[in-house]
Amino acid sequence: MALQLDPESLGCSVCLDLLKDPVTLPCGHTYCMSCVGRRWDKEDPHHKYSCPLCKQMFTPRPAVVTNVMLADLVEELKKKKKLQEAPADSVKPGEVVCDVCVARARKAFKSCLVCRVSYCELHLQPHFQSPAFEKHKLVEPSRNLQERFCSRHDEVMKIFCCTDQQVICFFCSLDEHKDHNTVSAAAHRKDKSKELELNLQNIRQRIQGREKDVKLLQQEEEAISHSADRAVRDSEESFSGFVRLIERRISEVKERIRSQQEEEISRVKELEEKLQLELSELKLKDAELQQLLDSDDHIQLLLDSSSLSLVTESTSVLSVCVKPLRHFEDLTAAVSNTRDKLQNVLHEEWPTVLRKVIEVDVLLPRPEPRSREGFFQYSRQITLDPNTVNTWLQLSDGNRRATVTKGKQTYSSHPERFTDWLQVLSREGLTGRCYWEVERSSGVSVAVAYKDSSRSGQDSGFGNNDRSWSLGCFDLSFHFRHKNVKTLLSGPASCRIGVYLDHTAGTLSFYSVSDTMTLLHRVQTTFTQPLHAGLSVYWVGDTAELCELK
């Protein structure tokens, strides 16, 4: 019978606890070395030493040493007690639970394929101590042990069938799998391990890549924040500087108005004083002459009139030129005109400022809009460049429509003009995210190209070189062309083609636009320059027009 470890049998009768450094007295009783030592130290004056339990006397004081066997038993009991006192919540989610523990759940330490049971460390001890368990196969804790056994023969599956790619038992290899290619599970494990190791390396490489991506995104997030903060500060400084300039101009105008007011009023007062003086003199002469005329003395009138006449002629008579006066109304009109010009500039340039905000891009590609209305937020008003148009094409409707004519147009000579293909580029260079639509009549190519694409020769046609991308649209078919490689496309016939460009992400998409939008072709590449919208029209009378989107 196996020895049962009992805390009471291995306890000290002095301290009532498990023995510590157990020592056995000549009488056979066992105590902690420290407990019996302290007791005998108190009895030392009488030179009598007794057993605390049976009172047997010893003379002289016995020399005691640790009982090694009991010390080992005490240690085993401590381990057992520690395992038994393990907290019930020590099992973490996903871990296998001991099948023997009833009162409290404990984590399984091993699973036995013979017992078909998972054991915690405490209940596993008999497998290490008893010879009866020597042939039992212990494996890492398994949640579903039954999966290791054949459902038909209830035997452990140790063979792998390469033909059916499944694990089988020995009896299965002799029965339904007898003609199959089979190997031991251990042998197949080596091959599978190599495959898993490669997969593990791939996963770790992906982890490293994703960690690098996360770091890049974190850096990009920080860069965006710094750039946005700097843009806010610069914008505030620019607008504050503009406001300060306006305020200085307002102050300057006020000062000049007041200065001119004082100067003009001073001139008016000076003239007024002169006129008042002249007026006083004239009134005095008026009175003298009237008095002279009223006199009855003929001789005196003749004598005085001569002197009065001389005085009158020598007097400087000032006069005011009366004309319509506007005072400062012209200045008010000039200020209003300046204000209107500034408002017009802000009105015209403000969409560009806002578009630059929208065009800010990070590493992440943005998904394309899912509706036509969604594309409209990126719509651009595009016009055709008369300097690039072929002479057999006529531009109209504000340089948005191109029509093939029967005779040449009288365009001036220009080095950017297409000479061998009936095509034209837009005036505007396109970057960021842009969307536009083309209304066509029949045979038309809708394209984008770099500004420096060739203007003459066979390779100058849109799509015939590496600097342009072209969608050919005909009554019953579509095709895409780049580097002179033609790809046939299918899609619903439509008179309107939508083009979406995400320059930063390197995405160019062509859509057939009707009641719904159908993707015809998408290009994923890297654009190195701004792109220009292009139109190529094939036959006399056919037209292609860049639509106004509202």
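Residues numbered from 1 in each chain as written. Predicted model: local features only at pLDDT ≥ 70, side-chain atom pairs only at ≥ 80, totals over all residues. Heavy atoms only, no water.

**Student:** Any chance you could break down the overall build of the chain for me, citing the residues and the numbers?
**Tutor:** Looking only at helices and strands, one finds eight helices and 23 strands in the chain. Radius of gyration (C-alpha) of the chain: 54 Å, far over the 24 Å computed for a compact globule of 550 residues. Projected onto its principal axes, the C-alpha positions of the chain cover 185 × 95 × 35 Å. Taken across its 550 residues, the chain has 29% of its residues classed as buried. For the chain, contacts bridging at least 24 residues in sequence account for 54% of all contacts bridging at least 6. Within the structure as shown, the chain displays about 36,600 Å² of accessible surface, and the carbon and sulfur contribution to it stands at 54%. (Helix = DSSP H or I, 4+ residues; strand = E, 2+ residues; numbered from the N terminus. Rg over C-alpha atoms; globule rule 2.2 N^0.38 Å. Buried < 20%, exposed > 50% of the residue type's maximum accessible area, 1.4 Å probe, protein only. Contact = heavy atoms within 4.5 Å. Areas by Shrake-Rupley, 256 points an atom, 1.4 Å probe, with all protein chains shown as cover.)

**Student:** Mind laying out the pairing of strand β19 (residues 496–502), listing which residues take part and the relevant values?
**Tutor:** Among the seven residues of β19, six are classified as buried, and the element is accordingly described as predominantly covered. Pairing of strand β14 (residues 433–440) with β19 involves seven bridges; the strand directions are antiparallel. Bridge assignment links E439 to a residue of β19, and that residue is R496. (Pairing = 2+ DSSP bridges.)

**Student:** Lay out helix α1 (residues 33–43) in plain terms, naming residues and giving numbers.
**Tutor:** Residues spaced three or four apart along an α-helix point in a common direction, a consequence of the helix completing one turn every 3.6 residues. Restricting attention to buried positions, one finds in α1 the residues C35, V36, G37, W40 and E43. In the core, the buried residues of α1 are packed alongside β1 (22–24), β2 (30–32), β3 (49–50) and β4 (57–58).

**Student:** Tell me about the domain arrangement of the chain, and please be specific about residues and values.
**Tutor:** Split into domains, the chain comes out as domain 1 (22–85), domain 2 (190–289) and domain 3 (373–547). Distance between the C-alpha centres of domain 1 and domain 3: 104 Å. (Domains from an automatic or database assignment.)

**Student:** I'd like a rundown of the confidence of the model for the chain, residues and numbers included.
**Tutor:** Looking at the chain, the pLDDT average stands at 85 and 90% of residues meet or exceed 70. Across residues 311–317 the pLDDT falls below 50, and counting only partners more than four positions away or on other chains, this stretch makes four contacts in the model. (pLDDT = per-residue confidence, 0-100.)

**Student:** Please give an account of the packing of aromatic side chains that cites residues and values.
**Tutor:** Under the definition given, this model contains 14 aromatic pairs. An angle of 40° between the planes, with centres 6.4 Å apart, marks the rings of F376 and Y435 as tilted. Of the two residues, F376 is situated in helix α8 (residues 372–376) and Y435 in strand β14; the sequence distance between them amounts to 59 residues. Look at Y435 and you get buried, because its relative accessible area is 0%. Ring geometry for F474 and Y538: centres 5.6 Å apart, planes at 5°, overall stacked. Taken together, the residues F474 in the loop between β16 (468–473) and β17 (478–482) and Y538 in the loop between β22 (531–537) and β23 (543–546) connect sequence positions 64 residues apart. Among the residues examined, F474 registers a relative accessible area of 22% and is labelled partly exposed. Linked through ring pairs, F375, F376, Y378, Y435, Y500 and Y511 together constitute an aromatic cluster. Here the basic side chain of R116 rests over the ring of F149, its NZ or CZ set 3.6 Å away from the ring centre. Over the aromatic face of F418 sits the side chain of R455, whose NZ or CZ is 4.7 Å from the ring centroid. (Phe/Tyr/Trp six-rings, centres within 6.5 Å; stacked < 30°, edge-to-face > 60°. Lys NZ or Arg CZ within 6 Å of the ring centre and 35° of its normal.)

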